[in-house]
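So you can see what is in the structure, the chains are spelled out below.
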Amino acid sequence: MATSLGANTYNRQNWEDAICARPFTVFRWCPGTRMRFKKTEVCQTCSKMKNVCQTCLLDLEYGLPIQVRDTGLDIKDDVPKSDVNKEYYTQNAEREIGNSDGTRPVGLLGKAPSSSEMLLKLARTTPYYKRNRPHICSFWVKGECKRGEECPYRHEKPTDPDDPLADQNIKDRYYGINDPVADKLLKRASTMPRLDTPEDKTITTLYVGGMGDTISDAELRNHFYQFGEIRTTTIVQRQQCAFIQFATRQAAELAAEKSFNKLIINGRRLTVKWGRSQAARGKEAYQDGVSEMGTRLDPVPGLPGALPPPPALEEDAPTNYFNLDPGTSPNVMNISLPPPPGINPPPPGFGAPMFHMGSMGPPPPMGMRPPGHIHYPSQDPQRMGAHAARHGD
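As the structure is a computational prediction, the values presented were derived from the model and not from experiment. (Residues numbered from 1 in each chain as written. Predicted model: local features only at pLDDT ≥ 70, side-chain atom pairs only at ≥ 80, totals over all residues. Heavy atoms only, no water.)

**Q** Before we go on, may I ask you to explain the overall build of the chain in this structure?
**A** Scanning the chain for helices and strands turns up 14 helices and eight strands. The 393 residues of the chain split such that 23% are buried. A separation of at least 24 residues holds for 57% of the contacts in the chain among residues at least 6 apart in sequence. (Helix = DSSP H or I, 4+ residues; strand = E, 2+ residues; numbered from the N terminus. Buried < 20%, exposed > 50% of the residue type's maximum accessible area, 1.4 Å probe, protein only. Contact = heavy atoms within 4.5 Å.)

Next up, the structure:
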């Protein structure tokens, strides 16, 4: 039976783009109503080598793409791409799988660490049924679909063609290269909060926040004692936080790793951070607009701004308290001023008024003062009782 050129080209392209060239049984089924048909894409040996599903090619343990899984476990893909080398590699893997109990992966994946913090955070814990939806009807997009409700494809507007998720390749998914879904998940992982270990090795204290009023000292010790010896436990009830100080730095690092974003006591999710050293707290005290937790605070409208810092103290700084021009001559700076209101001037012969401007240096010795400048209050003729005392004499 003759076949069209288009059909022949289509079949040839499918054979060239196939992931697995080994013969295997292909299963095809519909997962539910209004869902698209799915089928197995690789053989059991290829799926066991990568520890992935034969249909969706996602990791069986985390439900994540292979590129994300290999990045989290720091594994480099070593599966050859050519047909001859790939067949030899597959035969060796098949022999290794036959000698194992089948409960653990083989190859580099079997030698990798059992878990990863990043993979546990990105792992999906609920089913994702949107993966089974049918594809978009291309005839409906062009306005030519005549099936109506009977059309097995979706009558929806397609996504932006520039969207990286619109161009997915199942072959790249298997080899873990250029996978747009994996790139999106890795970008999300890079923005997730993480707890960096401080460089100061003397810090062995962890900060626990968001405690509320129901968590006691004994409950904190019951959780943190498993990581090492606890030196002190301090609860600040006003701030609803606590400080756990360990005897060793190793115990503090283990507690921070196992408790960050995981600590739940009495139904409350607690915040775990590293404590700060005294030097770091002293530096942060001078930061403007930063709270004790290190978050930036928004300025409150209506309040005055911060005062400028005081000038640096210098030993030879001039004591110009009246902000006079330094180039002014001393004669001008020693001009006598009238006395303030309410104070009578001294009588003639008792010297000039004592209100004058000049240098604020120390007064001259008593033996070198002019006699006219000495004035005793008892000699003031206008003081109370001075006139009667003079007449009594």
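**Q** Just to check I follow, could you spell out the UniProt feature "zinc finger region: C3H1-type" (unreviewed entry) in the chain for this structure?
**A** UniProt records the feature "zinc finger region: C3H1-type" (unreviewed entry) for residues 131-158 in the present numbering. End C-alpha to end C-alpha, residues 131-158 measures 16 Å, and it is 14% helix and 0% strand. (UniProt positions renumbered as here; feature names shortened; annotations may be inferred.)

**Q** Quick question: what am I supposed to make of the nonpolar core here?
**A** The tendency in soluble globular proteins is for nonpolar side chains to be buried side by side. In this structure, L206, V208, L220, F224, F246 and L270 are the most contacted members of the largest nonpolar core, which totals 21 residues. Mapped by element, the contributors of at least two residues to this core are β3 (205-209), α10 (217-224), β5 (241-246), α11 (249-259) and β8 (271-274). Per-element accounting of this core gives the leading share, four residues, to α11. The next biggest cluster of nonpolar side chains, apart from the first, holds 13 residues, and it includes C46, M49, V52 and A93. (Core = buried A, V, L, I, M, F, W, Y, C linked by side-chain atoms within 4.5 Å.)

**Q** Honestly, the packing of aromatic side chains in this entry has me stumped. Any pointers?
**A** Describing an aromatic ring pair means giving the distance of the ring centres and the angle of the ring planes. All chains considered together, the criterion is met by four aromatic pairs. Residues F224 and F246 carry aromatic rings whose centres are separated by 6.2 Å and whose planes lie at 70° to one another, so their mutual orientation is edge-to-face. Of the two residues, F224 is situated in helix α10 and F246 in strand β5; the sequence distance between them amounts to 22 residues. Taken together, F224, F227 and F246 form an aromatic cluster joined through their ring pairs. One residue, R249, lies across the ring of W274, its end atom 4.9 Å from the ring centre. (Phe/Tyr/Trp six-rings, centres within 6.5 Å; stacked < 30°, edge-to-face > 60°. Lys NZ or Arg CZ within 6 Å of the ring centre and 35° of its normal.)

**Q** Help me understand the environment of T233 in this model?
**A** Tracing the backbone shows T233 in strand β4 (residues 230-236). Sequence separation of T233 and F243 is ten residues, and the distance between their C-alpha atoms is 5.9 Å. With near-sequence residues (within four places) excluded, T233 lies in contact with D217, R221, F243 and I244. Of note is the side chain of T233, whose polar atom sits 3.4 Å from the side chain of R221. (Polar contact = N/O pair within 3.5 Å; in protein donor to acceptor, adjacent residues only side chain to side chain.)

**Q** Honestly, the sheet that holds β4 in this entry has me stumped. Any pointers?
**A** Sheets are built from strands paired through backbone hydrogen bonds, the pairs being either parallel or antiparallel. Sheet architecture is open: four strands sit in the order β4-β5-β3-β8, paired in antiparallel fashion. This sheet does not close on itself; its edge strands, each paired only once, are β4 and β8. The mean inter-strand angle of the sheet, taken between neighbouring strand axes irrespective of direction, is 20°. With four bridges connecting them, β3 and β8 associate as antiparallel partners. Pairing of G209 across the sheet is with T271, part of β8. Here α11 sits on the sheet and contacts β3, β5 and β8; the angle it forms with β8, its principal contact strand, is near 145°. (Pairing = 2+ DSSP bridges. Axes fitted to C-alpha atoms, helices over the stretch in contact; angles between N-to-C directions.)

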